[in-house]
Amino acid sequence: MQPEGLSAKGRTPPGRTGGSAGGGDVESTAPQPALELLVHGVGGATPQEMLGDPRTELVTGDGTAGIHRRTDDVRAEEAAGERRGEGGGSRTEPVQEAYCWSNLTSGNGARALWLVLLPFMIANLVHWMRPAAPARHRAHRAYDVLVRIFALTLTVQLVLAAGEVTLDLLAWQCAGSAHCVADKSWLGFMSADSGGWFGAPGRRLALGALVPVLLTALLWWLSRRTWSIYESAKPSPRATAPGSAEEQPALSLPGFWYGRRLVARLRAAHTATGLLAVASALVAVTAAADDDTGGGLRAAGWALAALIAAGWAAVLALVWRSGRTEAEPDMGEDRRAVRALPLAALALLAAVLVHTSWSRPDWVSTGRLPGTSVFGGLAVAQGVLAAGLAVTGRLLQRRATGEPPALRGLGGACVAMLAAAVAGVFSGGVAQRVADWLDRGATPGENGPLAGPPVVLSWQATVIPLVALLVLLLALAGAWRMWVLRRRLATEVAGLYPTEHRYTDDNDPRTGRIAGAIARARLTDDAPPAIGAAALATLVLGAGAVLGAWLTGEVPGKAADGAPGPLPGLAQTGQALGSWMMGAGVILLLAMGRQAYRDPKSRRTVGILWDVGTFWPRAAHPFAPPCYAERAVPDLAWRTSTWTTRTGGCLVISGHSQGSVLAAAAVWQLDPDIRGRVALLTYGSPLRRLYGRWFPAYFGDRALAGLDDQTHAWKNLWRLTDPIGGPVRPTAPDGRPSDVDRRPLKDPLAFERTPEHPLPAAINAHSDYQADPAFADERADLLARISVAPAAPAEEWPRQVPRPAGEPDAESADGAAAQGSTGMSSA
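Residues numbered from 1 in each chain as written. Predicted model: local features only at pLDDT ≥ 70, side-chain atom pairs only at ≥ 80, totals over all residues. Heavy atoms only, no water.

Description of the overall build of the protein
Summing up its helical and strand segments, the protein has 27 helices and seven strands in all. In the protein, buried positions account for 55% of the 827 residues. Element-wise, carbon and sulfur atoms account for 60% of the exposed surface of the protein, whose accessible area totals about 34,400 Å². (Helix = DSSP H or I, 4+ residues; strand = E, 2+ residues; numbered from the N terminus. Buried < 20%, exposed > 50% of the residue type's maximum accessible area, 1.4 Å probe, protein only. Areas by Shrake-Rupley, 256 points an atom, 1.4 Å probe, with all protein chains shown as cover.)

Structure (C-alpha cells):
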C-alpha cells in the first residue's frame with residue numbers, strides 16, 4: 001500500500017520531476033541534499049577505513065556505536081544550503097556517513113567468557129527459526145512455549161554442572177575421603193576426619209552450594225546490566241502502518257526491537273530456576289539421609305519439598321504466560337512479579353541451607369551424591385522437547401508458503417539438539433577434568449578412591465569420539481564435493497570473461513583459483529544437510545548413552561568388563577578419549593573466543609556465526625548474550641528519520657554483509673512517507689542465503705518481497721565467489737521476478753593483465769565491494785530513483801514514544817542507553 005502522495009514503486013510523486021545523480025530539477029527548486037549511510041559487516045571497521053580518510057569526526061553517538069563523517073563533511077548540509085541560496089548548481093556526490101557498531105559485540109579479551117553462554121545463545125536462535133506459517137496458526141504458541149521450556153532445562157543443566165563440581169566431587173566425595181584430601185591443604189577444613197564444624201556432610205554441602213548460587217547471581221547481574229543497555233533502547237517514533245499486525249512483516253512492527261518487559265520476566269523465571277535447582281539438589285540429598293531418622297527433620301524436608309514444587313509450578317506458569325508483544329512497544333512493567341519470584345526462591349533456598357546444615361550425627365558421605373541421575377533425566381527431557389519442536393515445526397511448515405526453508409521446518413529442532421550437545425560437553429567436560437585432577441591420576445569410577453562424576457556423563461563422554469568421527473566424515477565429504485565442483489566449474493570460467501577468452505584455459509592456475517573460490521562459496525549451501533546429520537547423530541548417540549547408563553549403572557569401562565572381543569578395550573579407549581575431548585573442547589572454545597577478540601582475521605571467522613546469534617532479541621533465554629540489534633536498528637532508524645525530515649533530502653543506506661541485515665531491519669522500521677526518500681543498497685548480503693533459509697518467518701520469500709514493495713529503491717550486489725552473500729530474489733506482488741539483484745559481479749574484475757588492470761586483479765570474495773565500478777553506478781541510479789517529499793515542520797518532530805514511569809525521556813535515553821557494553825565478539 002503506497003503512502004499518500006506517492007505513485008507506484010519506482011515512480012516520482014505526481015507533479016514532480018525525478019532527480020538524478022548528476023542533475024535534474026525537483027519542483028524547479030535547487031536539488032536536495034543526498035546522504036550515503038554506510039553500515040559495516042562482521043569483523044567491524046574503523047571510520048577511517050569506511051570513509052577512506054584519516055580525518056574523521058563523531059557526529060552523533062558514542063564510543064560503543066556512533067556515526068562518523070569526514071572532517072571536511074561535518075557541516076556539509078550548511079554549505080549546500082549556502083550554495084543553493086546563491087543559486088548553486090545540481091546535486092553533487094552524496095555525503096558519506098559511517099555507522100560503526102562493532103563495539104556493541106566486541107571488546108577486550110575477557111569477554112571471551114561469554115562463550116560459556118553459547119548453549120543459551122543457540123537456544124534463543126531456535127525461537128526465531130519457526131516456519132513462515134500464518135500468524136494465527138495454533139501451533140505457533142506451542143512452538144514458542146516448547147522453546148522457552150527447553151531454555152529452562154539449559155539453565156538447570158549449567159547450574160547443576162557447577163553443583164556437580166562443588167557439591168558432589170569436592171564437598172561430598174573428596175572432602176569425605178582421606179586419600180583425596182591428603183595433598184590438598186586448602187580443603188582440609190572440610191575433611192570428614194578434621195572434626196571441624198564444616199566436617200559434617202550437610203555443612204560441607206551448604207558451603208559447596210554457594211558456588212552455583214553465586215553463578216546464578218552472576219548470570220542475573222549480567223542479564224540485568226545488559227538489559228538496561230540494550231533492551232531499554234527506545235524504538236524510533238513512527239506512524240502506525242495500515243492493516244492489522246498479522247498482515248505486516250514482523251520486523252516492521254513498532255515493538256519488535258523493544259523486548260524490555262519480556263526479558264525482565266524471563267530473567268526472573270531463570271534466576272528462580274537456578275536457585276530452585278540448587279534447593280532441589282540439597283533436599284534430594286537430605287531426604288535420603290532422613291529416611292531412617294524420622295522426626296522433625298524429615299517433616300521439615302517434606303515441607304520444603306512441597307514449597308520447592310510450588311516454586312517450580314510458579315516458574316513454569318510465568319514461562320508459559322510470557323510471550324513477545326510486537327504490535328506496539330510494550331512499556332508495561334511487572335515489578336512485583338519480577339522481584340517476588342527470585343526473592344521467594346532465595347528465601348526458600350536459605351531455609352533449605354539451614355535444614356541441610358542441621359546436625360545429623362550418623363550421616364557420612366559415601367559414593368556419589370544422591371540425585372545425580374538428574375543429568376540423565378535432563379538429557380531425556382531435552383530430547384523429548386526437541387521432538388516436540390520437530391512435530392510443531394512440521395505442522396507449521398505444511399501451512400507455510402514460498403520456498404521451503406532449511407531442513408523443511410526441522411531447523412529449530414536440529415539446532416536445539418546441537419544446543420543440548422554443547423551444554424553436555426560443557427557440563428561433562430568440566431566434571432570429568434575436575435574428577436581426574438582430584439583423583440590423583442586414577443580413573444574416576446573405575447580404580448580410584450572416588451566414585452567420580454555421574455555415570456551418564458561418562459557414557460556421554462564415550463560417544464563424543466563417534467560424533468567427532470561423523471563430523472570428520474562430513475568434512476571429508478564436503479572437501480570431495482568441492483574438488484568435484486571445482487573441476488566442473490573450471491570449464492565454465494571462460495564464459496565469465498568472454499572478452500578475454502583467448503587467455504582462459506581449463507588447466508591454467510588462474511582458472512583453477514577462480515573455480516576453487518566459486519566452489520568454496522557454494523559449500524555454504526550444503527550446511528543444512530550436515531547440521532541435520534549431526535543433530536540426528538547427537539539424538540541417537542545421546543539416547544544410547546542414557547540408556548546404557550540406566551541399564552548398567554556403571555561407567556562404560558566397567559560395564560564392558562568380560563565382554564567378548566575388542567569391546568572392553570574400545571570402551572576403555574572411548575571413555576578416556578571422550579573425557580579428554582570434552583575437557584579440551586571447553587578450553588579450546590574459550591581460547592578461540594579470546595583469540596577472536598585479539599586477532600581481526602580470527603574475529604571474522606568466528607564472529608560470522610556469533611553475529612547471527614546475537615542479532616536476535618532474547619525471546620527464549622534471558623542469560624544469552626545481549627542482542628546488539630536492539631541498539632543498532634533504532635540507531636539507524638532514528639538517524640534516517642531525523643536527517644530526511646530535517647533536510648528534506650534523500651538517503652541511501654549502504655550495508656555490507658551483516659550490515660545489510662541491520663540496514664534492511666532499519667528500513668522496515670521507517671514511516672511509509674520516510675521510505676519514499678530512502679534507498680537501500682546491499683552487497684555481500686546474507687538476507688536470503690542465510691537468514692531467509694534459517695529464519696523464514698522473518699526473512700522468507702513473503703517478507704523480502706514485502707520489503708521490496710515497501711522500499712522505493714533497492715539494489716543488491718553479489719558475487720559467485722562470495723561464501724556469505726548472494727542474491728535476495730524477492731518476487732514482485734504479481735509474481736514477476738524483481739529487479740533488486742544485479743547480475744553477479746565479476747571476481748576478479750579481469751582474468752589476466754589488462755590496460756585497466758596492469759597487475760593481476762585480486763579475488764575479493766566477500767570483501768571490497770565498493771572497489772567495483774558497479775557500486776558507484778548502482779548508487780547513482782538509486783539516488784536518481786528516490787522521490788523527494790517535503791520535510792515535516794520542525795515542531796512536528798520527534799513524535800514522543802510512551803515510556804514507563806521513572807524512565808528517561810527519548811532524548812536522554814538515546815545517550816544513556818549506550819553507557820558501556822558487555823556484548824560478545826562480532827567477527
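Considerations on the sheet that holds strand E3 (residues 66-70)
Backbone-to-backbone hydrogen bonds join strands into a sheet, with any given pair of strands oriented parallel or antiparallel. Taken in spatial order, the seven strands line up as E2-E3-E4-E1-E5-E6-E7 in an open sheet, and their pairing is mixed. Edge positions in the sheet fall to strand E2 (56-61) and strand E7 (713-717), since each of these pairs with one other strand and no more. Shown here is a sheet whose adjacent strand axes are inclined to one another by a mean of 25°, direction ignored. For strand E5 (residues 650-656) and strand E6 (residues 678-683), the ladder comprises six bridges, and the chain directions are parallel. Residue pairing in the sheet places leucine 651 in a bridge with valine 678 of E6. In this fold helix H20 (residues 629-647) packs onto strand E1 (34-39), E2, E3, strand E4 (95-100), E5 and E6, with an angle of close to 175° to the strand it touches most, E1. In this fold helix H26 (residues 773-785) packs onto E1, E4, E5, E6 and E7, with an angle of close to 170° to the strand it touches most, E7. (Pairing = 2+ DSSP bridges. Axes fitted to C-alpha atoms, helices over the stretch in contact; angles between N-to-C directions. Contact = heavy atoms within 4.5 Å.)

Side note on the packing of helix H12 (residues 411-438) against helix H13 (residues 455-490)
One way to put it is that H12 packs onto H13 with a least axis distance of 10 Å and a crossing angle of 110°. One element, H12, and the other, H13, form an angle in the roughly perpendicular class. Where H12 abuts H13, its residues Val425, Ser427, Gly428, Ala431 and Gln432 lie against Leu457, Ser458, Ala461 and Ile464. Taken together, the residues of the contact of H12 with H13 sort by class into five nonpolar, four polar and no charged. (Parallel < 35°, antiparallel > 145°, perpendicular 65-115°, else oblique. Nonpolar A, V, L, I, M, F, W, Y, C, P; charged D, E, K, R; others polar.)

Quick word on the packing of helix H3 (residues 118-127) against helix H4 (residues 139-174)
Each packed pair of helices is defined by two parameters, the angle between the axes and the distance between the axes. Interaxial distance between H3 and H4 falls to 9 Å at its minimum, and their mutual angle equals 175°. With respect to their mutual orientation, H3 and H4 come out roughly antiparallel. Here H3 contributes Pro119, Phe120, Ala123, Val126 and His127 to the contact with H4, which in turn contributes Tyr143, Asp144, Val147, Phe150, Leu154, Thr155 and Leu158. Residue classes in the contact of H3 with H4 are distributed as nine nonpolar, two polar and one charged.

A closer look at a nonpolar patch on the surface
Residues Leu469, Leu472, Leu473 and Leu476 make up a contiguous nonpolar surface patch of roughly 390 Å² in combined accessible area. Relative to the assigned elements, leucine 469 resides in helix H13. What makes leucine 469 partly exposed here is its relative accessible area of 46%. (Patch = residues over 30% accessible without salt bridge, like charges linked within 9 Å, V, L, I, M, F, W, Y side chains within 5 Å. Salt bridge = Lys/Arg side-chain N within 4 Å of Asp/Glu carboxyl O.)

Some words on the pairing of E4
Of all the six residues making up E4, six are buried; the element is thus mostly covered by neighbouring parts of the structure. A two-sided burial pattern is seen for E4, the buried positions comprising Val95, Glu97 and Tyr99 on one face and Gln96, Ala98 and Cys100 on the other. Of the pairings in the sheet, the one linking E1 to E4 comprises five bridges and is parallel in character. Looking at the pairing, valine 39 lines up with tyrosine 99 of E4.

A few points about empty space enclosed by the protein
Summary: where empty space remains is shown by rolling a probe the size of a single water molecule over the atoms. On inspection of all chains with the given rule, the structure shows seven cavities of 30 Å³ or more. What the second largest cavity holds in volume is close to 70 Å³. As for the second largest cavity, its lining consists of Pro119, Phe120, Leu154, Gln157, Leu158, Ala161, Ala423, Phe426 and Ser427. For the lining of the second largest cavity, the secondary-structure elements that each account for two or more residues are H3, H4 and H12. Examining the composition of the lining of the second largest cavity, we find that four residues originate from one element, H4, more than from any other. The class makeup of the residues in the lining of the second largest cavity is seven nonpolar, two polar and no charged. (1 Å grid on protein atoms, 1.4 Å probe; cavity = no way out; pocket = protein on both sides within 12 Å on 5 of 7 lines; lining within 4 Å. Points joined across faces, edges and corners; volume = space filled by probe spheres on them.)

What about the environment of valine 678?
If you trace the backbone, valine 678 turns up in strand E6. Classification of valine 678 by relative accessible area gives buried; the value is 1%. Between the C-alpha atom of valine 678 and that of leucine 651, which follows or precedes it by 27 residues, the distance is 4.9 Å. Non-local contacts of valine 678, meaning those with residues more than four positions away in its chain, are made with Thr640, Thr644, Leu651, Ile653, Val667, Leu670, Thr711, His712, Ala713 and Ile786.

Re the nonpolar core
Ranked by internal contacts, the top residues of the largest apolar core, which has 96 residues, are Tyr99, Trp257, Phe615, Trp616, Leu662, Phe695 and Phe699. Judged by nonpolar contacts, the second largest core, of 64 residues, contains Leu160, Leu169, Leu369 and Ala431. (Core = buried A, V, L, I, M, F, W, Y, C linked by side-chain atoms within 4.5 Å.)

Brief notes about helix H9 (residues 295-321)
For an α-helix, 3.6 residues make a turn, and residues three or four places apart therefore share a direction. In this model H9 runs 40 Å from its N-terminal to its C-terminal C-alpha over 27 residues, within 8% of the 39 Å that 1.5 Å per residue would give. Close packing links the buried residues of H9 with H4, helix H8 (260-290) and helix H10 (335-357). (Expected span 1.5 Å × (residues − 1).)

So, the packing of aromatic side chains
Summed over the entire model, instances satisfying the criterion amount to 25 aromatic pairs. Between tryptophan 616 and tyrosine 691, the aromatic rings sit 6.2 Å apart at their centres with planes inclined by 45°, giving tilted as the arrangement. Taken together, the residues tryptophan 616 in the loop between helix H19 (600-615) and H20 and tyrosine 691 in helix H23 (residues 687-694) connect sequence positions 75 residues apart. Residue tryptophan 616 is classed as buried on the basis of its relative accessible area, which comes to 1%. Judged by its relative accessible area of 0%, tyrosine 691 is buried. On the numbers, 5.2 Å between centres and 65° between planes, the contact of tyrosine 691 with phenylalanine 699 is edge-to-face. For the pair formed by tyrosine 691 and phenylalanine 699, the shared burial category is buried. Geometry around phenylalanine 256 places arginine 324 over its ring, the cationic atom sitting 4.9 Å from the centre. The aromatic ring of tyrosine 769 is capped on one face by arginine 719, whose charged end is 3.9 Å from the ring centroid. (Phe/Tyr/Trp six-rings, centres within 6.5 Å; stacked < 30°, edge-to-face > 60°. Lys NZ or Arg CZ within 6 Å of the ring centre and 35° of its normal.)

In short, the description is geometric, and any link to function would need to be established separately.
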